[in-house]
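One letter stands for each residue in the lines below.
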Amino acid sequence: MNTTNSADTIAAIATASGAGGIGVVRVSGPLSQTIAVSVLGHCPKPRHAAYLDFLQADGDLIDRGIAIFYPNPHSYTGEDVLELQGHGGTALMQILLARCIALGARQAEPGEFTRRAYLNDKMDLAQAEAVADVINAATIEAAKSAVRSLSGEFSQRINTLLSKLIDLRMYVEACLDFPEEEIDFITQGRVADKLDAIIAEMQAVFVKAKQGSLLREGINVVLVGQPNVGKSSLMNQLAGEEVAIVTAIAGTTRDTIKNAIQINGVPLHVIDTAGLRETDDEVEKFGIARTWRATETAHIALLLVDATHGITEVEKSILARLPQKIPKVWVHNKIDVTQEPALITEQDHAIHIYISAKTGVGVDLLKHHLLQLAGYQNNAEGVFMARARHLSALTEVAAHLDLAASQINSAELVAEELRLAQEALSSITGEFTPDDLLGEIFSKFCIGK
């Protein structure tokens, strides 16, 4: 791990774009103290807020505000850091940033402050990623999970697993050094039992991480069906507001309409689509084509059916064209007309839910089932904010551990699978992470963080 400071000094506006009551320019690197002296007249006492003038090179006043200097290594990045907090005017912030750049700093790249914090061992990679997740959290539950990861809870669970994995690997590899001994080290060391315990603990971590991934990414749900089956009405019920036009005229929805809502803190990206039917209307044809494209990226497809006539050959043909990999739910709408009760049932290995999108009856049943399909559990306590790469790494770890368990009588093979599992697990916190992956991760951060 690189623990040395970069030769460059970087600067950026750390607050959101646009006018605000307060704006912050952040500087990090070896020139931070020099820049402080030039802009402020002197460098403030470390970690003490000072109310000072922010000055141009000719002494003209830029602004007046709070300045804080954090000497290395006790700063966010592990380098000398200067924060200048002034009035949040867009022009003022740009002038102040330009002054810092003229004094030798350069414009920071996206995520460069946090990347330096990671490289200087102020946080591990999972915590660094959680910084962006805290900022971008769309729900209260997502924010709580991201803070857990930022505080190190996720990393602690990974490091505990890693420690047990390394201990077991060391024991197994020690067995290989004494092939002439008749003692069965594998059996005597209870390797199988210890391996089973690690697998069980890893699966528990995976469950929590998957919950966090759902909180971060959400679920893409596409509504498909013939015209006038109530797709737009259901969209409005799920959203809790009139986001889609509802009329009795077939083909009213000409294009896909995407709306982000949340159920129990889980973001739900609902896509209302054009009714699927044969038509000569060129605009409607374009919308229907987009409908089929929307199904390709969906996690769940809701096939809406008019309960007054049930599933026809048209609905069956729609089902046949949907991607096989995504879960599908038959939603029988308009039970307010048929006078049927709201219920959920399984028929021919398919789930059928009876609702009224007009009155809202049965919609809660549908919401609950959507969360079940996504694998979300209502108890989000202890959930970590996780990314796709974390889940991929944990899946890889599980595969190697399963292979080790299946080859328990061969110390050489067990040792190799444990080594591969250790590398995959270490990639989560950044112990084994290629530079190109780091570049991809931090490039998605906002500038100034």
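The residue count restarts for each chain, going from 1 along the sequence in the order it is written. Totals for whole chains, interfaces and linings use all residues, but because this is a predicted model, local features are given only for residues with pLDDT of at least 70 and pairs of side-chain atoms are given and counted only at 80 or more. Remark: hydrogens and water are excluded; side-chain values derive from all non-hydrogen atoms of the structure.

Colleague: What's the story with the overall build of the protein chain in this structure? I'm lost.
Modeller: The helix and strand inventory of the protein chain stands at 16 helices and 13 strands. For the protein chain, the residues scored as buried account for 48% of the 449 residues in total. A sequence separation of at least 24 residues applies to 65% of the contacts in the protein chain between residues at least 6 apart. Within the structure as shown, the protein chain displays about 21300 Å² of accessible surface, and the carbon and sulfur contribution to it stands at 53%. Helix numbering and strand numbering both begin at the N terminus, where a helix is a DSSP run of H or I of at least 4 residues and a strand a DSSP run of E of at least 2. Think of it in three bands: residues with accessible area under 20% of the maximum for their type are buried, residues over 50% are exposed, and the middle band is partly exposed, with areas taken using a 1.4 Å probe on protein chains only. What makes two residues a contact is simply this: any of their non-hydrogen atoms within 4.5 Å. Under the convention used here, a 1.4 Å probe and the Shrake-Rupley method define accessible areas, while residue burial counts only the protein chains that appear.

Colleague: I keep staring at the packing of helix H9 (residues 231-239) against helix H13 (residues 363-374) and nothing clicks. Help me out?
Modeller: Working note: a packed helix pair is described by the angle between its axes plus the distance between those axes. Direction vectors running N to C along H9 and H13 enclose 75 degrees, while the axes themselves pass 11 Å from each other. By the angle between their axes, H9 is roughly perpendicular relative to H13. Residue-level inspection shows Leu234, Gln237 and Leu238 of H9 in contact with H13, the latter providing Val363, Leu366 and Lys367. Think of each axis as a best-fit line through the C-alpha atoms, taken over the contacting stretch in the case of a helix, with angles from 0 to 180 degrees between the N-to-C directions. In this scheme, roughly parallel covers angles under 35 degrees and roughly antiparallel covers those over 145, while 65 to 115 is roughly perpendicular and the rest are oblique.

Colleague: Can you help me understand the pairing of strand S4 (residues 61-70) in this one?
Modeller: A regular strand places its side chains so that they alternate between the two faces of the sheet. DSSP bridges decide pairing: two strands pair if at least two such bridges lie between them. In this sheet, S4 lies alongside strand S3 (residues 50-55) in antiparallel orientation, the contact comprising 6 bridges. Along S4, the bridge assignment pairs Leu52 with Gly65. Counted along the chain from S3 to the antiparallel partner S4, the turn is 5 residues long, and its residue Gly59 has a positive phi close to 95 degrees. Inspection of the sheet shows S4 paired to strand S5 (residues 81-88) by 5 bridges, in the antiparallel sense. Each residue of the ladder has a partner; that of Ala67, found in S5, is Leu84.

Colleague: How should I be thinking about the environment of Thr345 in this particular structure?
Modeller: For Thr345, the position within the fold is in strand S12 (residues 343-347). Along the sequence, Thr345 and Trp330 sit 15 residues apart, while their C-alpha atoms lie 9.9 Å from each other. Among all residues touching Thr345, those that are not within four sequence positions of it are Ala350, Ile351, His352 and Tyr354.

Colleague: Where do I start with the pattern of salt bridges in this structure?
Modeller: Side chains bearing opposite charge may pair, as long as their charged atoms lie close to each other. What counts as a salt bridge is simple: a side-chain nitrogen of Lys or Arg found within 4 Å of a carboxyl oxygen of Asp or Glu. Tallying each qualifying case throughout the model produces 15 salt bridges. Across the salt bridge formed by Arg106 and Asp8, the nearest N and O atoms sit 3.0 Å from each other. One end of the pair, Arg106, is in strand S6 (residues 106-107); the other, Asp8, is in the segment before strand S1 (10-13), and 98 residues separate them in sequence. With a shortest N-O distance of 3.3 Å, Glu83 and Arg26 are connected by a salt bridge. Residue Glu83 is located in strand S5, and its partner Arg26 is located in strand S2 (residues 20-28); the two are separated by 57 residues in the primary sequence. For the pair shown, Glu83 and Arg26 are each scored as buried. Via salt bridges that share partners, Asp8, Glu79, Arg106, Glu112 and Arg116 belong to a single interconnected network.

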